[in-house]
There are 2 protein chains.
Amino acid sequence: MSQMQNVERQLREMILGLEIGPGERLTERWIESRFGASRTPVRAALLRLETEGLIGRDGRGWAVAPINLAELGQIAVYREAVEVAAVRLTAALEDRSGIDVIAAMLDSCDAETPREEWHRVGMDFHIELARLSGNEFLLRAVRDAMTRLSRARWLEVRDEAALGRAWAEHHAILDAVKGGDAEKAARLLSNHIAGSRDRLVTSLHDDRRGLRARGFAVVAA
Amino acid sequence: MSQMQNVERQLREMILGLEIGPGERLTERWIESRFGASRTPVRAALLRLETEGLIGRDGRGWAVAPINLAELGQIAVYREAVEVAAVRLTAALEDRSGIDVIAAMLDSCDAETPREEWHRVGMDFHIELARLSGNEFLLRAVRDAMTRLSRARWLEVRDEAALGRAWAEHHAILDAVKGGDAEKAARLLSNHIAGSRDRLVTSLHDDRRGLRARGFAVVAA
DNA sequence: GATACCATTTTGGTATACCAAACTGGTATC
DNA sequence: GATACCAGTTTGGTATACCAAAATGGTATC
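Residues numbered from 1 in each chain as written. Chains lettered and ligands numbered in written order. Predicted model: local features only at pLDDT ≥ 70, side-chain atom pairs only at ≥ 80, totals over all residues. Heavy atoms only, no water.

(A) Spatial organisation of the protein's contact with DNA strand D. Inspection of the region around DNA strand D gives 20 residues, with A:Gln3, A:Ser38, B:Arg29, B:Arg39 and B:Arg60 positioned closest. Across the atoms of DNA strand D situated within 4 Å of the protein, the share located in sugar and phosphate is 49%. B:Leu26 places a polar main-chain atom, nitrogen or oxygen, 3.3 Å from a phosphate oxygen of DNA strand D. Interatomic distance of 2.8 Å between a side-chain N/O atom of B:Arg43 and a phosphate oxygen of DNA strand D. (Near = heavy atom within 4 Å. Polar contact = N/O pair within 3.5 Å; in protein donor to acceptor, adjacent residues only side chain to side chain.)

(B) Inspection of the packing of aromatic side chains at higher detail. Residue and element names in this part refer to chain B. Per the stated rule, a full pass over the model turns up 2 aromatic pairs over all chains. For the cation-ring pair, Arg34 lies above Phe35, with the distance from its terminal atom to the ring centre recorded as 5.3 Å. Taking NZ or CZ as reference, Arg140 lies 5.3 Å from the ring centre of Phe137, over its face. (Phe/Tyr/Trp six-rings, centres within 6.5 Å; stacked < 30°, edge-to-face > 60°. Lys NZ or Arg CZ within 6 Å of the ring centre and 35° of its normal.)

(C) Fine view of the relation of the copies chain A and chain B. Least-squares fitting of chain A to chain B yields an RMSD of 0.0 Å, with the transformation described by 0.0 Å of translation along the axis and a rotation of 180°. Expressed as a symmetry operation, the mapping of one chain copy onto the other fits a two-fold axis. Considering only C-alpha atoms, the part of chain A nearest the rotation axis is A:Ala81, at 2.8 Å. Taken together, the interface assignments show that 100% of the residues at the interface of chain A recur at the interface of chain B, consistent with an identical surface on both copies. (Least-squares fit on C-alpha atoms with pLDDT ≥ 70 in both. Contact = heavy atoms within 4.5 Å.)

(D) Inspection of the packing of helix α6 (residues 115–132) of chain A against helix α8 (residues 160–178) of chain A at higher detail. All names here are of chain A. One can describe the packing of α6 onto α8 by two numbers: an axis separation of 12 Å at closest approach and a directional angle of 20°. Relative to α8, α6 is oriented roughly parallel. In the packing of α6 onto α8, the handedness of the crossing is left-handed. Residue-level contacts link Trp118, Gly122, Phe125, His126 and Leu129 of α6 to Leu163, Trp167, His170, Ile173 and Leu174 of α8. Split by residue class, the contact of α6 with α8 holds 7 nonpolar, 3 polar and no charged. (Axes fitted to C-alpha atoms, helices over the stretch in contact; angles between N-to-C directions. Helix = DSSP H or I, 4+ residues; strand = E, 2+ residues; numbered from the N terminus. Parallel < 35°, antiparallel > 145°, perpendicular 65-115°, else oblique. Left-handed = near helix turned anticlockwise from the far one by under 90°. Nonpolar A, V, L, I, M, F, W, Y, C, P; charged D, E, K, R; others polar.)

Structure representation (structure tokens):
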């Protein structure tokens with residue numbers, strides 16, 4: 001694998017894993033020495049991560065994107081538009097057997113599953129559901145939205161009950177799609193996204209002092 | 001303005017203006033000498049244009065994105081999802097005076113207006129309409145879709161009647177939004193996009209031999 | 001103590017040298 | 001004539017040197 005892809009992947013993991021906090025400044029020279037690559041691949045990685053919304057310009061330099069509560073609300077609206085469109089397409093397909101694979105993915109999580117895995121599966125559910133639509137643009141949009149939501153969802157304070165509720169909602173959506181009931185699937189998905197947004201924004205808003213104490217930049221809604 | 005932004009802007013204009021044909025190969029050295037910049041800003045521009053979908057990888061090198069009829073259909077579905085979502089948001093706003101500005105923009109076109117201007121206004125209509133929603137992600141999505149459709153729409157064979165019909169449809173959509181009738185606006189916009197897609201794909205499909213004769217790569221649906 | 005100012009350092013933007021892999025064109029071989 | 005092969009060239013990937021602008025930090029001045 002090329003250095004460019006290597007730097008991009010490792011830097012993305014550090015940002016998503018909060019090893020580099022939201023709002024933290026980045027210098028090309030630091031990344032260069034941190035990953036043992038020269039500035040050329042570093043700059044390529046920065047340009048790519050900028051389009052993913054994980055980093056942004058801070059004056060002349062670079063900074064990890066802050067947690068932006070207003071942005072989370074806008075992303076939820078965007079998600080709803082594209083995910084509902086995707087699920088309607090999928091519900092209209094003759095072959096909806098791909099649903100079973102996603103259901104199996106959900107079922108691979110149980111009480112002993114680490115939180116990190118719940119997190120990953122929770123995002124992959126939406127991405128894989130969008131993939132079934134066969135529309136590359138809807139898929140890309142969902143993947144992009146999930147990437148931007150990833151850190152916020154990780155910071156969200158979620159209890160067992162919330163995880164279980166999301167799991168049940170996911171299964172209910174799959175059942176509706178599998179049954180070809182596009183309207184029901186759309187309604188369930190819509191409510192799921194709205195509820196997810198509310199819990200997420202509320203949790204982060206309530207915990208914003210704690211987050212700032214950890215050195216994370218949090219932009220109010 | 002920096003060299004990077006300069007190269008990016010000029011190269012984008014050459015691609016959108018079909019001065020470099022769909023499918024044509026690009027080398028970093030050619031761009032370097034063409035615009036009098038070194039490879040560093042050239043590479044930055046290429047990476048950006050790649051995320052816009054205007055260029056892509058062709059093996060190890062670069063190539064201008066071909067006209068892809070299947071992709072045009074997928075973009076139409078994507079557009080419908082995000083544009084309808086945006087228009088529903090806008091129809092629910094208290095202050096919808098921004099509509100008047102867009103209407104004035106439409107009215108600035110008449111029989112003497114050059115085709116290039118009709119083209120630009122036709123895309124800006126959708127972009128500005130999405131902007132009124134206030135949702136950055138919906139706006140970005142529409143702008144991105146329009147960029148990807150730009151070359152295809154330019155190559156489309158459109159008569160006076162088609163331009164007039166699109167103009168009337170645009171006005172009808174604005175009227176519905178202004179009146180706060182989200183359902184009507186959504187329906188009109190949905191039909192407008194579907195009709196636009198059908199005419200576009202049919203036109204390019206019928207003319208695909210002519211396009212290929214001009215050296216343009218056209219990927220069938 | 002606050003502030004304006006200057007020297008130094010840091011940083012992103014740019015140009016360029018070098019390399020390995022891929023491509024090209026010609027040639028020898030069958 | 002087709003094909004396998006090889007030398008030369010081209011190309012993207014990478015490292016690095018240089019620059020101007022910005023940030024930094026210390027100091028003189030009030």
